[in-house]
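Secondary and tertiary structure notes
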Amino acid sequence: MLRRLVLRDFVIVAALEVDFDAGFSVLTGETGAGKSILIDALQLALGSRSDAGVVREGASRAEITAEFDAPAALAPWLEEAGFDHEGATLLLRRAIDAQGKSRAWINGSVATVAQLREAAEFLLDIHGQHAWQSLTRAAAVRSLLDAQAGVDGAPLAAFFSRWREATQTLQDARSRQDSLERERERLAWQIGEIDKLKPGEDEWEPLNAEHERLSHAQSLLAAARTALDAVSEAEPCADALTARAIDALSDVTRFDARLEPVVEVLQAAQVQLRDAAHSLNAYLGHAELEPERLQELDERLSAWVSLARRYRRPPVELPALLAQWRAELKALDAATDLDALEAAVKKALDAWRAEAQRVSALRRAAAPQLGQRVTQAMQTLGMAGGRFEVALLPQEQPQAFGLESVELRVAGHAGSSPRPLAKVASGGELSRLALAIAVTTAREQNAGAATLIFDEIDAGVGGAVGDAVGRLMKQLGRERQVLAVTHLAQVAACADHHFVVSKAERKGVTLSDVQPVAGEARVAEVARMLGGERLAGTSLAHAQALLDEAAAAVPPARERAKPR
């Protein structure tokens, strides 16, 4: 429920704080006073598009803050988005600077405009004065019925999208069969060429290393023989010389203990020299020139390099290139398999049809119920004897929205046949019908929102019809918080709370203000709405009678406890 709206430097408002309560509240005022400014500000706080024009002339930025009772259903979303959700209050704030740049906050944390719009879905629903226009648009009409039927159109649209994609893939495959087949043959030949080599994933580096070793086998053997002679087999050799040094020092260490560490170092060196000699002997014992193996390696390396040059890739990338081509060939095989593609199209169409039939059943059940409820509301809105129908029109081709389109039909009076709403000529009838639908569907549509706003939706009606409009909104206010911008005294008289919007010039600047009215002030405002600025005694008496009658007709909504 909306608790408070705070504006700073917004359009022609310098500073304003308005507190709201449960039940039915109205905003009234003279034409041009700015009755819809609060609604516009509220929409900005809930993520509508902004521009620099909302900043009051001479101010650096406009600020809008909206305080709501935090609905329990919003808590998981707040937690997932990282916003504080411990308190009973939800605070939305929006600032727009003179350059049109916008910033937003939710419960004190920076938010995006998209997040404001997501939160708005849980908070309120706005019906504008041109709501009837949406009733002539197919998508809006279908959404209206689906909301009553409990239909989620997302799965149906997803199934339709998959069917369209499968159908497009099949059509592309049919039109490109020749080119796909040529591409397939080319890939198959290239794969065959590389497959003859069968390049191992980790073969290239070891192959190069072995080729390098065998290419220099003669030099390696000569160097190993020379090293072995120097270490242990030539005369003199390192091993013999080291032994001679150890013998010479061992005889005199008893005279000077400082030579003992030198002897130990020489003994360790002798052990390492003998290990080296052993390793060199083993190497010379197994090393061979292997000319046949070298020739085999030459041929394989040449094949690697030749293929790499042909396909303009480094040799080390040949295994990855082969894997890529195999994957592409597999995809081409699937693309040229028309039977499999046709089966995929049929499967996708069957899935869409099953979901579409389920949706159709829900729509068929909800359509007459919606028609009956709106028909009942029409009887009190100047359309006595009228009838409202929701027609389902079968579609020949599959559509994202299902098996049928939805058409609203209305008969404005008894004895006439319902006709498509778009052909109803009277603007007054359209406005009253939009109001009947809005009030009828408000209990179900956007059920998560505790607040409903009607922005001059009663335009074009008056007299007894205005009385009925006021009573309908008052009844609705017993279940939801209702806020209406109205020019009808009959509607204003039915409100539980009344706010007057006024405009005045202060120090050469025109500013708008909103104040709650009660008692004599409210009687005067209702009288003004009835008879203009000159408040005659009859106007005041009529206004008081309207207020008394409205108070007796429907008990006021019970006030909810305000959060601390």
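In this numbering scheme, every chain counts its residues from 1 along its sequence in written order. Only residues with pLDDT of at least 70 are given local features in this predicted model, and only at 80 or more are side-chain atom pairs given and counted; all residues enter the totals for whole chains, interfaces and linings. Neither water nor hydrogens contribute to the side-chain values; these are computed over all heavy atoms in the structure.

Notes on the side chain of Arg528
With respect to the helices and strands, Arg528 occurs in helix H18 (residues 519–531). We define a polar contact as two N or O atoms separated by no more than 3.5 Å, with the added condition that, inside protein, one atom must be a possible hydrogen donor and the other a possible acceptor, whereas residues neighbouring each other in sequence contribute only through side-chain atom pairs. Among the polar contacts made by the side chain of Arg528, one reaches the side chain of Glu525 at a distance of 2.8 Å. A run of H or I in DSSP counts as a helix once it spans at least four residues, and a run of E counts as a strand once it spans at least two, with each numbered from the N terminus.

Notes on the packing of helix H8 (residues 204–215) against helix H12 (residues 291–310)
Where helices are involved, their axes are fitted lines through C-alpha atoms of the stretch in contact, as for all axes, and angles between N-to-C directions lie from 0 to 180°. Axis separation between H8 and H12 bottoms out at 10 Å; the angle between their running directions is 140 degrees. By the angle between their directions, the pair H8 and H12 is classed as oblique. Crossing handedness for the pair H8 and H12: left-handed. Only Arg293, Leu294, Leu297, Asp298, Arg300, Leu301, Trp304 and Val305 of H12 make contact with H8, whose side of the interface consists of Trp204, Leu207, Asn208, Glu210, His211, Leu214 and Ser215. Within the contact of H8 with H12, the residues separate by chemical class into eight nonpolar, three polar and four charged. Every angle not falling under 35 degrees, over 145, or within 65 to 115 is termed oblique; those three ranges are roughly parallel, roughly antiparallel and roughly perpendicular. Left-handed describes a crossing in which the near helix is turned anticlockwise from the far one by less than a right angle; the clockwise case is right-handed. When checking whether two residues touch, look at their non-hydrogen atoms; a contact exists if any pair is within 4.5 Å. Side-chain classes follow a simple rule in which Ala, Val, Leu, Ile, Met, Phe, Trp, Tyr, Cys and Pro form the nonpolar group, Asp, Glu, Lys and Arg form the charged group, and the remainder, Gly included, forms the polar group.

Notes on the packing of aromatic side chains
Between the rings of Phe, Tyr and Trp (Trp by its six-membered ring), a pair exists once the centres lie within 6.5 Å; its type follows the angle of the planes, with under 30 degrees stacked, over 60 edge-to-face, and the other angles tilted. The tally for this structure, following the rule as stated, stands at five aromatic pairs. Arranged with centres 5.7 Å apart and planes meeting at 45 degrees, the rings of Phe160 and Trp163 form a pair that is tilted. Residue Phe160 and its partner Trp163 are both found in helix H6 (residues 153–175); the two are separated by three residues, about one turn of the helix. We note that Phe160, like Trp163, is buried. When a residue's accessible area, from a 1.4 Å probe over protein chains only, is under 20% of the maximum for its type it is buried; when over 50% it is exposed; and in between it is partly exposed.

Remarks on the nonpolar core
Residues grouped as a nonpolar core are buried Ala, Val, Leu, Ile, Met, Phe, Trp, Tyr and Cys residues, joined through side-chain atoms within 4.5 Å. Phe24, Leu408, Phe454 and Met473 are the most contacted members of the largest nonpolar core, which has 69 residues in total. Here the element with the most residues in this core is helix H14 (residues 338–378); it accounts for 13 residues. Non-local contacts of Met473, meaning those with residues more than four positions away in its chain, are made with Phe24, Leu435, Phe454, Ile457, Val482, Ala484 and Val491. Membership of the second largest hydrophobic core comes to 46 residues, among which are Leu2, Leu44, Phe83 and Leu116.

Some words on the pairing of strand E15 (residues 509–517)
Across nine bridges, strand E14 (residues 497–506) lies against E15 in antiparallel orientation. Bridge assignment links Glu505 to a residue of E15, and that residue is Thr510. Two strands pair if DSSP finds at least two bridges between them.

Side note on the sheet that holds strand E12 (residues 451–455)
Spatial ordering of the open sheet is given by E8-E12-E13-E3-E14-E15, a layout of six strands whose pairing is mixed. Every other strand in the sheet has two partners, leaving strand E8 (124–127) and E15 as the edge strands with one partner each. Across this sheet, the average inter-strand angle for adjacent strands is 20 degrees, counted without regard to direction. Relative to E14, strand E3 (residues 24–29) runs parallel, the two sharing five bridges. Bridging from a neighbouring strand, Thr28 pairs with Val500 of E14.

Comments concerning helix H9 (residues 217–233)
Three or more residues of H9 are buried, namely Ala217, Leu221, Ala224, Leu228 and Val231. Down the axis of H9, the smallest arc covering the buried residues is 105 degrees, so these residues share one side. For H9, exposure combined with an orientation more than 90 degrees from the buried face picks out Gln218 and Thr226. For H9, the secondary structure elements touched by its buried residues are H8, helix H10 (238–250) and helix H11 (260–286). Think of it as the arc spanned by the lines of direction from the helix axis to the C-beta atoms.

Side note on the packing of H9 against H11
Following both chains from N to C, one finds H9 and H11 inclined at 145 degrees, their axes separated by 9 Å at the closest point. Judged by the sense of rotation from one axis to the other, the crossing of H9 with H11 is left-handed. The segment H9 lies against H11, with Leu220, Leu221, Ala224, Arg225, Ala227, Leu228, Val231, Ser232 and Glu233 engaging Leu273, Ala277, Leu280, Asn281, Tyr283 and Leu284. Tallied by class, residues from the contact of H9 with H11 come to 11 nonpolar, two polar and two charged.

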